[in-house]
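# Descriptive analysis of the structure
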Amino acid sequence: MSDDKPAREPIAEDARIDALEQRLKAAKEREEQRNRPQATGSDANYRSGNRVLADLLGGILGGLVLGWLVDTFAGTSPWGLLVGLFLGIVVAFRNIFRMANTRSDDSSPEG
C-alpha cells in the first residue's frame with residue numbers, strides 16, 4: 001500500500017502567484033511606511049510657540065482682569081488696571097525667559 005501513488009499529485013506553485021505575493025508584500029510595506037507618523041523637530045517648535053503665545057496672552061489678560069477687579073472694588077480707577085497690566089506683562093515675560101532657558105529633553109550631549 002505504501003508503494004501506491006496518490007490519485008492526485010500536489011500542484012506545483014505557479015511563479016506568477018509567487019511574484020504577485022512578493023509585489024503585494026512590497027506594496028503593504030510601502031503603505032505602512034507612508035502611513036507611519038513622522039516625528040519631526042517642527043512639532044516641538046510648534047508646541048513651544050503655542051506655549052509662548054499662551055503665556056503672553058494669559059499674563060496680560062490675567063493682569064488686566066485682576067487690575068480691573070481691584071479698580072472696581074477699591075475705586076482706584078486707572079491705577080489698579082495699569083499696575084495689573086504691568087505685573088501681567090512681567091509675569092508673562094518671566095515665564096517665557098524661564099521656558100527659553102530650560103534644556104529640551106531631546107538635546108542630550110553627545111559623547
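Since this is a predicted model, take the numbers as computed values, not measurements.

Rules used throughout
Residues numbered from 1 in each chain as written. Predicted model: local features only at pLDDT ≥ 70, side-chain atom pairs only at ≥ 80, totals over all residues. Heavy atoms only, no water. Helix = DSSP H or I, 4+ residues; strand = E, 2+ residues; numbered from the N terminus. Contact = heavy atoms within 4.5 Å. Areas by Shrake-Rupley, 256 points an atom, 1.4 Å probe, with all protein chains shown as cover. pLDDT = per-residue confidence, 0-100. Salt bridge = Lys/Arg side-chain N within 4 Å of Asp/Glu carboxyl O. Buried < 20%, exposed > 50% of the residue type's maximum accessible area, 1.4 Å probe, protein only. Phe/Tyr/Trp six-rings, centres within 6.5 Å; stacked < 30°, edge-to-face > 60°. Patch = residues over 30% accessible without salt bridge, like charges linked within 9 Å, V, L, I, M, F, W, Y side chains within 5 Å.

## Regarding the overall build of the chain
When helices and strands are tallied, the chain shows 3 helices and 0 strands. The linear arrangement of helices and strands in the chain, starting from the amino end, is α-α-α. When contacts within the chain are restricted to residue pairs at least 6 apart in sequence, long-range pairs at least 24 apart make up 50% of them. Total accessible area on the chain is roughly 10100 Å²; 61% of this is exposed by carbon and sulfur atoms.

## Some remarks on the confidence of the model for the chain
Per-residue confidence for the chain gives a mean pLDDT of 84, with 78% of residues at or over 70. By mean pLDDT, helix H1 (residues 15-35) is the weakest element of the chain at 89, and helix H3 (residues 79-101) is the strongest at 94. pLDDT under 50 marks residues 107-111. Its contacts with residues more than four places away, or in other chains, come to 1 contact.

## Focus: the pattern of salt bridges
Once the charged atoms of two side chains with opposite charge are near each other, the side chains can pair. Summed over all chains, the structure comprises 2 salt bridges. Its salt-bridge partner being glutamate 31, residue arginine 34 comes within 2.7 Å of it at the nearest N-O pair. Of the two residues, arginine 34 and glutamate 31 both sit in helix H1, 3 residues apart, roughly one turn of that helix. You can call arginine 34 exposed: its relative accessible area is 60%. With a closest N to O distance of 3.9 Å, aspartate 55 and arginine 51 form a salt bridge. You can see aspartate 55 and its partner arginine 51 sitting in helix H2 (residues 41-74), 4 residues apart, about one turn around the helix. Aspartate 55 gets classed as buried once you look at its relative accessible area, which sits at 18%. The class for arginine 51 is partly exposed, based on a relative accessible area of 48%.

## Observations concerning the packing of aromatic side chains
Scanning the model with the defined rule gives 1 aromatic pair in all. For the pair phenylalanine 93 and phenylalanine 97, a centre-to-centre distance of 6.4 Å together with 35 degrees between the ring planes defines the contact as tilted. Of the two residues, phenylalanine 93 and phenylalanine 97 both sit in helix H3, 4 residues apart, roughly one turn of that helix.

## Digging into a nonpolar patch on the surface
A contiguous nonpolar patch, built from Val65, Leu66, Trp68, Leu69, Phe73 and Leu81 and spanning about 650 Å² of accessible area, is present on the exposed surface. In terms of residue count, the dominant contributor to the nonpolar patch is H2 (5 residues). Examined against the element boundaries, tryptophan 68 turns out to sit in helix H2.

## A short note on the environment of valine 65
Its location among the elements puts valine 65 in helix H2. In the structure, valine 65 is positioned 19 residues away from glycine 84 in sequence and 7.7 Å away in space, judged by C-alpha atoms.

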